[in-house]
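Analysis of the macromolecular model
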Amino acid sequence: MSDVLVGVDPGELSVPALAWAAAEAVRRGVRLRLVVAVRPAHDRLPFDAFAHQSTLRIRAEAALVTSEELVRALHDGLRTATELVDGVPATVLCDRAADAALVVVGSRSLGRAAEILSEGAVVVPLTARADRPVAVVRVPEHAPVPHPTVVVGVDGSESSRAAVAFAVEEASLREARLRAVWVWPQEVLSHDAGDAGLAERHRLLAESVAGWAERYPDVPVAEEVLRGHPVEQLALASQESLGLVVGRRGRGGYPGLRLGSTVHGLLHHADCPVITVPSPNDRDGATPRLRREVPASSRTDRFPAA
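Notes on the structure in this doc start here. Owing to the predicted nature of the structure, the values given are computational and were not obtained by experimental measurement. (Residues numbered from 1 in each chain as written. Predicted model: local features only at pLDDT ≥ 70, side-chain atom pairs only at ≥ 80, totals over all residues. Heavy atoms only, no water.)

Comments concerning the environment of I275
Here is the rule: To qualify as a helix, a DSSP run of H or I must reach at least 4 residues; to qualify as a strand, a run of E must reach at least 2; elements of each kind are numbered from the N terminus. For every residue, the accessible area obtained with a 1.4 Å probe (protein chains only) is divided by the maximum for its type, and the residue is called buried under 20%, exposed over 50%, and partly exposed between those limits. Here, residues are in contact when the closest pair of their heavy atoms is within 4.5 Å.
Residue position: I275 is located in strand β10 (residues 274-277). The class for I275 is buried, based on a relative accessible area of 2%. Separated by 171 residues in sequence, I275 and V104 have C-alpha atoms that sit 8.8 Å apart. I275 has contacts with W20, L102, P133, V134, A135, F166, L244, V245 and V246, leaving out every residue within four places of it along the chain.

Quick word on the packing of helix α9 (residues 230-237) against helix α10 (residues 261-269)
For any two helices packed against each other, one specifies the inter-axial angle together with the distance between the axes. Heads up, the condition is: Fitted lines through C-alpha atoms give the axes, limited to the stretch in contact for helices. The angle between two N-to-C directions lies from 0 to 180 degrees. With respect to orientation, any angle under 35 degrees is reported as roughly parallel, any angle over 145 as roughly antiparallel, any angle of 65 to 115 as roughly perpendicular, and every other angle as oblique. Handedness of a crossing is defined here by the sense of rotation of the near helix relative to the far one, left-handed for an anticlockwise turn of less than a right angle and right-handed for a clockwise turn. Throughout this entry, Asp, Glu, Lys and Arg are counted as charged residues, while Ala, Val, Leu, Ile, Met, Phe, Trp, Tyr, Cys and Pro are counted as nonpolar. The remaining residues, Gly among them, count as polar.
Taken N-terminus to C-terminus, the directions of α9 and α10 make an angle of 45°; their axes are 9 Å apart at the nearest point. Here α10 runs oblique to α9, going by the angle between their axes. Crossing geometry of α9 relative to α10 is assigned as right-handed. In this structure, α9 uses P230, V231, L234 and A235 to contact α10, whose residues at the interface are S261, T262, G265, L266 and H269. Residues that form the contact of α9 with α10 fall into these classes: five nonpolar, four polar and no charged.

Quick look at the nonpolar core
Selection rule: Residues belong to one nonpolar core when they are buried, are Ala, Val, Leu, Ile, Met, Phe, Trp, Tyr or Cys, and are joined through side-chain atoms within 4.5 Å.
Among the nonpolar cores identified, the biggest contains 49 residues, and L32, V104, V150, V152, L178, V245 and I275 are the most heavily contacted of them. In terms of residue count, the dominant contributor to this core is helix α6 (residues 158-173) (seven residues). With residues up to four places along the chain from it excluded, the contact list for V104 reads V4, L5, V6, G7, A17, W20, A21, A135 and V137. Counting 36 residues, the second-largest nonpolar core is a separate cluster that includes A100, V181, V231 and L259.

Regarding the side chain of D86
This is how it is decided: N or O atoms within 3.5 Å of each other form a polar contact, as long as, within protein, one can give a hydrogen and the other can take it, and as long as residues adjacent in sequence are counted only when both atoms are side-chain atoms.
Inspection of the secondary structure puts D86 in strand β3 (residues 80-86). On the basis of relative accessibility, which here comes to 8%, the residue D86 falls in the buried class. Polar contacts involving the side chain of D86 include one to the side chain of R57, which spans 2.5 Å.

Focus: helix α3 (residues 89-97)
The buried count for α3 comes to eight of nine residues, which makes it a mostly enclosed element. Taken as a whole, α3 has its buried residues at P89, A90, T91, V92, L93, C94, R96 and A97. At its buried positions, α3 is contacted by β1 (3-7), β2 (32-38), β3, β4 (100-106) and α5 (123-129).

Printed below as a string of structure tokens:
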């Protein structure tokens with residue numbers, strides 16, 4: 001099985017993301033791979049750039065050591081690997097996602113514009129372009145509850161079908177139930193706003209989750225159609241859940257980023273880990289590069305034997 005990959009931010013370690021990623025690696029019985037990227041200095045004189053990079057590398061190495069000690073303290077015996085790379089963080093993590101089962105990052109709650117446009121943006125570019133599921137962990141996982149639940153957003157798109165497949169597996173790993181939610185936006189002039197339209201949504205939702213109960217008989221599946229704004233309703237539905245799983249791009253969104261508008265909102269408003277799953281069509285080729293990495297000869301890699 002592939003590793004769980006977690007991005008380490010040397011400027012501000014995300015303990016919730018590290019703890020979540022470590023627990024996920026234990027559940028899956030795989031290695032946890034911790035990666036930190038040192039951003040190249042583009043706007044400095046050669047000598048200043050060398051000194052700046054040296055300082056950043058020292059800080060990055062210290063962050064890796066601290067992170068590895070933390071996750072091993074939480075889970076004695078957890079297999080780990082660490083890697084320090086020269087490059088833009090979003091690009092580095094996208095490149096390495098191809099060999100991972102799941103990528104995990106924290107979020108510093110940057111404004112929406114900063115997360116899309118700034119050079120330091122990681123969450124949105126990574127979520128939009130990685131060819132593996134990406135978990136964004138802003139807050140610690142909720143304390144254990146009597147009936148643990150994983151919520152998955154469904155809208156009938158290919159991306160949401162991939163999300164359902166991932167969510168069922170995740171619920172099985174956690175011995176949780178799955179709550180499949182279809183949010184039907186309020187449309188004042190909609191021609192199917194009555195009972196017939198509601199019945200059609202229930203049919204489409206049932207069709208989207210059909211067959212999974214037979215494959216995962218240990219996972220109870222609840223289906224629910226809600227009216228309202230997708231971001232608001234999914235955030236409310238997942239308030240006490242172990243995680244919220246959504247497709248990367250549903251019906252609508254931002255074609256340039258290959259990321260749905262609902263995902264954008266949930267990354268900033270959901271009070272649980274948000275796992276974004278690409279559709280198979282998003283994984284059929286090389287991941288578009290966000291910015292060129294420094295050549296491999298200038299990297300420092302550290303991989304202990306598995």
